[in-house]
Amino acid sequence: MSSEEGGCGMWGGEELDLDAYLARIGYSGGLTPDLATLRALHRAHVEAIPFENLDVALGRRISLDVKDLEAKLVGRRRGGYCYEQNGLLAAALERIGFQVAGRGARNRTRGDALTPITHALLVVTVDGEQWLADAGFGWQGPLEPVPLTDGARVEQDGWVFGVGREAEGVHVLRTLRPEGWTDLYSFAPHALYPVDFELMNHYSSSHPRSRFLGQVVAHLPGAEIRRALVRDRLTSTRVDRGPEERRVGPAELAGTLAEIFGIELDDEEVGGLLRVHSGEV
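Residues numbered from 1 in each chain as written. Predicted model: local features only at pLDDT ≥ 70, side-chain atom pairs only at ≥ 80, totals over all residues. Heavy atoms only, no water.

1. Describing the overall build of the protein
Move 1: Within the protein, the regular secondary structure consists of 8 helices and 13 strands.
Move 2: The globule rule puts the C-alpha radius of gyration for 281 residues at 19 Å, and the 18 Å found for the protein is close to it.
Move 3: The principal-axis extents of the C-alpha atoms in the protein amount to approximately 50 × 45 × 35 Å.
Move 4: In the protein, the share of contacts with a sequence separation of at least 24, taken over all contacts with a separation of at least 6, comes to 58%.
Move 5: For the protein, the exposed area adds up to about 12600 Å²; of that, 47% sits on carbon and sulfur atoms.
Move 6: Of the side chains in the protein, 30 bear a positive and 42 a negative charge, and the two mean positions are spaced by 5 Å. (Helix = DSSP H or I, 4+ residues; strand = E, 2+ residues; numbered from the N terminus. Rg over C-alpha atoms; globule rule 2.2 N^0.38 Å. Contact = heavy atoms within 4.5 Å. Areas by Shrake-Rupley, 256 points an atom, 1.4 Å probe, with all protein chains shown as cover. Lys, Arg positive; Asp, Glu negative; His and termini not counted. Charge placed at Lys NZ, Arg CZ, Asp CG, Glu CD.)

Below, the structure is given as structure tokens:
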């Protein structure tokens, strides 16, 4: 297995308590490194572990060490953002025997502005075919892997995703909405490694221009409904209807995070997030 394919324990799979991880995501299926396992494992992870930036909002250091990811996302039953989510998923896939490589993407959901490469995703090779695996794009991301083939189109419980190919081999992940196809992100074919995730993580968790600073963010994609909390706005989106939005006041914040996203916080964390929520920090 080459380094491109994630060999030699690159993602720290040998350090992961796989049984604890599988229990966390509620997965009891097979562990053969095949497409059926990849699909089922990916969906279980996405539906069980919320996307969230709460430690970033609280000014905490974000560690991508596998044991730290396990302690937070598995042991404490918290969530994380793309580097944490896909770092943990990569470790699990590597432990099972999959060939895993990283990629870095530009977010295209923010209009025509050229954004930096700050999103981390995975490419998993199964029987010689590459699949885009991404447990860390929040409410807009896929439930299951998407074939990394130009023109590919997949439907996942009514949510439709497609892959396009542009100049210089750049791939684009798209989603189909009532108004038509919308680009989610683009990424080049060259491999990234955990050390690259570390660099992007540093920018996203500390740079003044990072969208993860100064606001509360929590997302949870699901088969029937996808929810996103950004600042004080909770948006719920279903396949068959437009988004519904409501305001989440300070008194509702902790309850919303617990009841909708499954994120339990202690009193100190709640107090810190309320200060962020109110714009005091």
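Right, picking up where we left off after that structure.
2. Focus on the pattern of salt bridges
Working definition: two side chains of opposite charge can pair if their charged atoms are close together.
Move 1: Scanning all chains against the criterion turns up 21 salt bridges.
Move 2: For E47, the salt bridge is made with R43, and the minimal N-O distance between the two is 3.5 Å. In this pair, E47 and R43 both sit in helix 2 (residues 35-48), 4 residues apart, roughly one turn of the helix.
Move 3: We classify E47 as partly exposed; its relative accessible area is 34%. (Salt bridge = Lys/Arg side-chain N within 4 Å of Asp/Glu carboxyl O. Buried < 20%, exposed > 50% of the residue type's maximum accessible area, 1.4 Å probe, protein only.)

3. So, empty space enclosed by the protein
Move 1: Tallied over the entire structure, the rule returns 1 cavity of 30 Å³ or more.
Move 2: Its boundaries defined by the atoms lining it, the largest cavity holds a volume of some 60 Å³.
Move 3: Classifying every residue of the lining of the largest cavity gives 8 nonpolar, 4 polar and 1 charged. (1 Å grid on protein atoms, 1.4 Å probe; cavity = no way out; pocket = protein on both sides within 12 Å on 5 of 7 lines; lining within 4 Å. Points joined across faces, edges and corners; volume = space filled by probe spheres on them. Nonpolar A, V, L, I, M, F, W, Y, C, P; charged D, E, K, R; others polar.)

4. A short note on the packing of aromatic side chains
Move 1: Under the definition given, this model contains 6 aromatic pairs.
Move 2: Relative to Y83, the ring of Y81 lies with its centre 5.0 Å away and its plane at 85 degrees, an arrangement referred to as edge-to-face. Like Y81, the residue Y83 is buried in the burial classification.
Move 3: Considering the side-chain rings of Y185 and F187, the 6.1 Å spacing of their centres and the 55 degrees angle between planes classify their relative orientation as tilted. Neither Y185 nor F187 differs from the other in exposure class; each is buried.
Move 4: Here a set of aromatic residues connected by ring pairs shows up, and it is made of F51, Y81, Y83 and F212.
Move 5: Lying over the aromatic face of W159, R226 brings its terminal NZ or CZ to 4.4 Å of the ring centre. (Phe/Tyr/Trp six-rings, centres within 6.5 Å; stacked < 30°, edge-to-face > 60°. Lys NZ or Arg CZ within 6 Å of the ring centre and 35° of its normal.)

5. A word on the sheet that holds strand 9 (residues 180-187)
Move 1: Pairing is antiparallel across the open sheet formed by 8 strands, whose spatial order is 5-4-3-2-9-8-7-6. Strands at the two margins of the open sheet, each flanked by one partner only, are strand 5 (146-147) and strand 6 (153-156).
Move 2: Where strand 6 lies against strand 7 (residues 159-165), 4 bridges are found, and the strand directions are antiparallel. Paired with R153 across the bridge in strand 7 is G162.
Move 3: Contacts between helix 2 and the sheet are confined to strand 3 (117-126), strand 4 (129-133) and strand 6, with strand 4 contributing the most and set at about 5 degrees to the helix. (Pairing = 2+ DSSP bridges. Axes fitted to C-alpha atoms, helices over the stretch in contact; angles between N-to-C directions.)

6. A few points about a negative patch on the surface
Move 1: Taken together, the side chains of E14, E15, D65, D68 and E198 present a region of like negative charge at the surface.
Move 2: Looking at the secondary structure, you find E15 in the segment before helix 1 (18-25). (Patch = residues over 30% accessible without salt bridge, like charges linked within 9 Å, V, L, I, M, F, W, Y side chains within 5 Å.)

7. Observations concerning the nonpolar core
One recurring pattern in soluble globular proteins is that nonpolar side chains are buried together.
Move 1: One finds Y21 and Y185 to be the most contacted residues of the largest nonpolar core, which totals 61 residues.
Move 2: The element contributing the most residues to this core is helix 5 (residues 82-96), with 9 residues.
Move 3: Not counting residues within four places of it along the chain, the set of residues in contact with Y185 comprises A105, R106, N107, R108, H119, L121, L132, D134, F137, H171, V172 and L173.
Move 4: Formed by 15 residues, the second largest nonpolar core is a distinct cluster that contains A57, L220, I263 and L265. (Core = buried A, V, L, I, M, F, W, Y, C linked by side-chain atoms within 4.5 Å.)

8. Brief notes about the sheet that holds strand 1 (residues 51-52)
Move 1: If you walk across this open sheet you meet the 5 strands as 1-10-11-12-13, and the pairing is antiparallel. What marks the edges here is a single partner per strand, and that holds for strand 1 and strand 13 (241-247).
Move 2: Relative to strand 10 (residues 217-220), strand 1 is paired through 2 bridges, and the arrangement is antiparallel. Residue pairing in the sheet places E52 in a bridge with A218 of strand 10.

9. Structural notes on the confidence of the model for the protein
Move 1: Across the protein, the average pLDDT comes to 94, with 96% of residues at or above 70.
Move 2: pLDDT under 50 marks residues 1-7. Its contacts with residues more than four places away, or in other chains, come to 16 contacts. (pLDDT = per-residue confidence, 0-100.)

10. Digging into the side chain of S186
Move 1: The residue S186 is located in strand 9 in this model.
Move 2: Judged by relative accessible area, S186 falls into the buried class, the value being 7%.
Move 3: A distance of 3.4 Å separates the side chain of S186 from the side chain of R108, its partner in a polar contact.
Move 4: Excluding its chain neighbours within four sequence positions, the residues that come into contact with S186 are G104, A105, R106, R108, V170, H171 and V172. (Polar contact = N/O pair within 3.5 Å; in protein donor to acceptor, adjacent residues only side chain to side chain.)

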